[in-house]
Amino acid sequence: GVNKIRLTGGEPTVRSDIISLVGELGKLKSQGLQTLAITSNGIALKRKLPRLAENGLSSLNISLDTLDPFKFELITRRKGFERVMESIEQAISLGIKPVKVNCVVMRGVNDQEVVDFVELTRTMAIDVRFIEYMPFDGNKWNEKKFVPYKELLDNIRNKYHSVTKLFDDSNDTSKAYHIPEFVGRFGFITSMSDHFCGSCNRLRITADGNLKVCLFGNAEVNLRDLLRENIPDQQLLDIIGAAVKNKKKQHAADLLEVSKRWFNSQKIHSISSSSHMYHRPLAFNQLISSPFGYTHASYSKKSGSSDTMRPPDTNTTNSPTLSHVDSSSGRASMVNVSKKPSTIRTATACGRIRIGREAFNLVLANSLKKGDVLTVSQIAGINAAKHTGYLIPLCHPLLLSHVSVDLRMEERDYSVEITAKVECEGKTGVEMEALTAVSVSALTIFDMCKSVDKDMVIDNLRVIHKTGGKSGEWSSSGKLEQ
């Protein structure tokens, strides 16, 4: 079941046999290995990259905490900023994909450079990941240096107003975002403020042959000695399985305590200044018990009064109501929007269709007998958005000013990821138009590929961003139920 191998460090490129090691691992691609990656500081990487790519290297992580050459030397205690940037550019030119740039963010050190890193994605096909500062042995942990990812995201949105949330697969450790028209993307690894332990499927083998099921855990299983004793494969699998089943649902106790102190120190703070909505952190034991992170407190807003926060209450008379149900008869009814003011409305929705390896390769090569799948799907999605009022019984027919449907192929799970953005000036939102565009686009792909693979799956359909109307701007938290 292992389909991805990453060589990390220390620094993997200091190994004299790194090129041949990658070559040997690359041979596993014939047995189902999909991704062979390296994490490097990039300083001594450039001259080795061509050979590594030839031998099967398909993904690269570069550790880079600053774009200031002087600060780079202070942080790393060596020169080499230019060589790191050259390694990134060379990896892109060699077709290595993805090229990820990992930046550990520390308050007062490099937090003011976050927007500069995002700006790199305008013209460079890279995936910048901002990593929350975490306590490790020897890094002189200081809670005052910690910057939660939501603060960073707010700063980015102050600069770029069209930030879009992308898909997060069930085992992703990064929350991915994108700015339309930018070549690259960015994301956040939220080990401190929003744990992802419950969905992490990473396993680690140390340089001396020990298996670790968690980077922060102390427990290790010595595989080297077992292999040297030539124990049967099934027995080895049983031992590895037992270790994996002992994987904890959350961080090790010392890291958990640091994270707990941070959460419990937080006050009520603003999510969005434009929508005037607030949230408070839940008690920490509530947070870690939820498989999908924490849930915002519910809200009550009365006309003529300020926003007030209340606990969930199923008996309150202010409970949410269905807008398309007549309050007196309980029957379906179209909402009367005649008295609502017209505002600029936008909505962005996304979804995914997993089409399998064979269909994926045919679509990628544009070799299906039915024709250009991506183009036909894109046109179908745009056309569907314009006809939503006719397809969904209680939706208002709207005169749309713009519809865009973007499709991106993801080799890691042989899927096509679909994002639709819809705009109009009107009295009601366009979330349904965006969702319809994504749905019909996915269904079109299904129809064109079903002769190759009938086991396709359409999932993760959702609205990720909207603006306009009484509720103002809203963005999805990015947590998905798989």
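Residues numbered from 1 in each chain as written. Predicted model: local features only at pLDDT ≥ 70, side-chain atom pairs only at ≥ 80, totals over all residues. Heavy atoms only, no water.

The name that an unreviewed UniProt entry assigns to the protein is cyclic pyranopterin monophosphate synthase, with the source organism given as Acaulospora morrowiae. Turning to the protein, the UniProt annotation filed under Pathway (unreviewed entry) states: "Cofactor biosynthesis; molybdopterin biosynthesis." Note on the protein: under the UniProt heading Catalytic activity (unreviewed entry), the record states "(8S)-3',8-cyclo-7,8-dihydroguanosine 5'-triphosphate = cyclic pyranopterin phosphate + diphosphate". (UniProt positions renumbered as here; feature names shortened; annotations may be inferred.)

Student: Before we go on, may I ask you to explain helix 4 (residues 81-93) in this structure?
Tutor: Side chains of residues three or four places apart in an α-helix project in the same direction, reflecting 3.6 residues per turn. Between its first and last C-alpha, helix 4 extends 19 Å over 13 residues, near the 18 Å set by a 1.5 Å rise per residue. One or two positions beyond helix 4, positive phi appears at Gly95, with a value near 85°. (Helix = DSSP H or I, 4+ residues; strand = E, 2+ residues; numbered from the N terminus. Expected span 1.5 Å × (residues − 1).)

Student: What's the story with the environment of Leu152 in this structure? I'm lost.
Tutor: With respect to the element layout, Leu152 can be found in helix 6 (residues 149-159). C-alpha of Leu152 to C-alpha of Glu132: the two residues are 20 residues apart in sequence and 10.0 Å apart in space. Other than its neighbours up to four places away in sequence, Leu152 contacts Val105, Val114, Phe130, Val147 and Phe188. (Contact = heavy atoms within 4.5 Å.)

Student: Sorry if this is basic, but what is going on with the sheet that holds strand 9 (residues 204-205) here?
Tutor: Strands belonging to one sheet form pairs held by backbone hydrogen bonds; the direction of such a pair is parallel or antiparallel. Spatial ordering of the open sheet is given by 9-10-11, a layout of three strands whose pairing is antiparallel. For this open sheet the edge positions go to strand 9 and strand 11 (221-222), each flanked by a neighbour on one side alone. Sheet analysis places strand 9 next to strand 10 (residues 210-212), joined by two bridges and oriented antiparallel. Bridging across to strand 10, Arg204 finds its partner in Lys212. (Pairing = 2+ DSSP bridges.)

Student: Help me out: how do you make sense of the nonpolar core in this one?
Tutor: Among soluble globular proteins, nonpolar side chains are generally buried collectively. Leu64, Ile88, Phe130, Ile156, Phe186 and Phe188 are the most contacted members of the largest nonpolar core, which totals 47 residues. The element that contributes the greatest number of residues to this core is helix 4, accounting for five residues. In terms of nonpolar packing, the next biggest core, distinct from the first, is built from 31 residues, Ala349, Tyr414, Met456 and Val463 among them. (Core = buried A, V, L, I, M, F, W, Y, C linked by side-chain atoms within 4.5 Å. Buried < 20%, exposed > 50% of the residue type's maximum accessible area, 1.4 Å probe, protein only.)

Student: Which parts of the structure should I look at to understand the pairing of strand 18 (residues 415-426)?
Tutor: Each regular strand carries side chains that alternate between the two faces of the sheet. Of all 12 residues in strand 18, nine are buried; the element is thus mostly enclosed. The sheet contact formed by strand 16 (residues 343-354) and strand 18 spans 12 bridges and is antiparallel. Paired with Ala347 across the bridge in strand 18 is Val422. Note: strand 17 (residues 400-410) against strand 18, 10 bridges, orientation antiparallel. Counted as the bridge partner of Ser404 is Lys421 from strand 18. Between the antiparallel neighbours strand 17 and strand 18 lie four residues, among them Tyr414 with a positive phi of about 50°.

Student: What am I meant to see in the packing of aromatic side chains here?
Tutor: Any aromatic ring pair is given by two values, namely how distant the centres are and how the planes are angled relative to each other. According to the stated counting rule, one finds nine aromatic pairs in the structure shown. Relative to Phe188, the ring of Phe130 has its centre 5.8 Å away and its plane inclined at 40°; by these criteria the two rings are tilted. Of the two residues, Phe130 is situated in strand 5 (residues 127-132) and Phe188 in strand 8 (residues 185-189); the sequence distance between them amounts to 58 residues. Overall, the relative accessible area of 0% leaves Phe188 in the buried class. Geometrically, the ring pair formed by Phe186 and Phe188 is edge-to-face, given 5.9 Å between the ring centres and 85° between the ring planes. In this structure, Lys165 is placed above the aromatic ring of Tyr177, and the distance from its NZ or CZ to the ring centre is 5.0 Å. Of note, Lys175 hangs over the ring of Tyr149, and the distance from its end group to the ring centre comes to 5.3 Å. (Phe/Tyr/Trp six-rings, centres within 6.5 Å; stacked < 30°, edge-to-face > 60°. Lys NZ or Arg CZ within 6 Å of the ring centre and 35° of its normal.)

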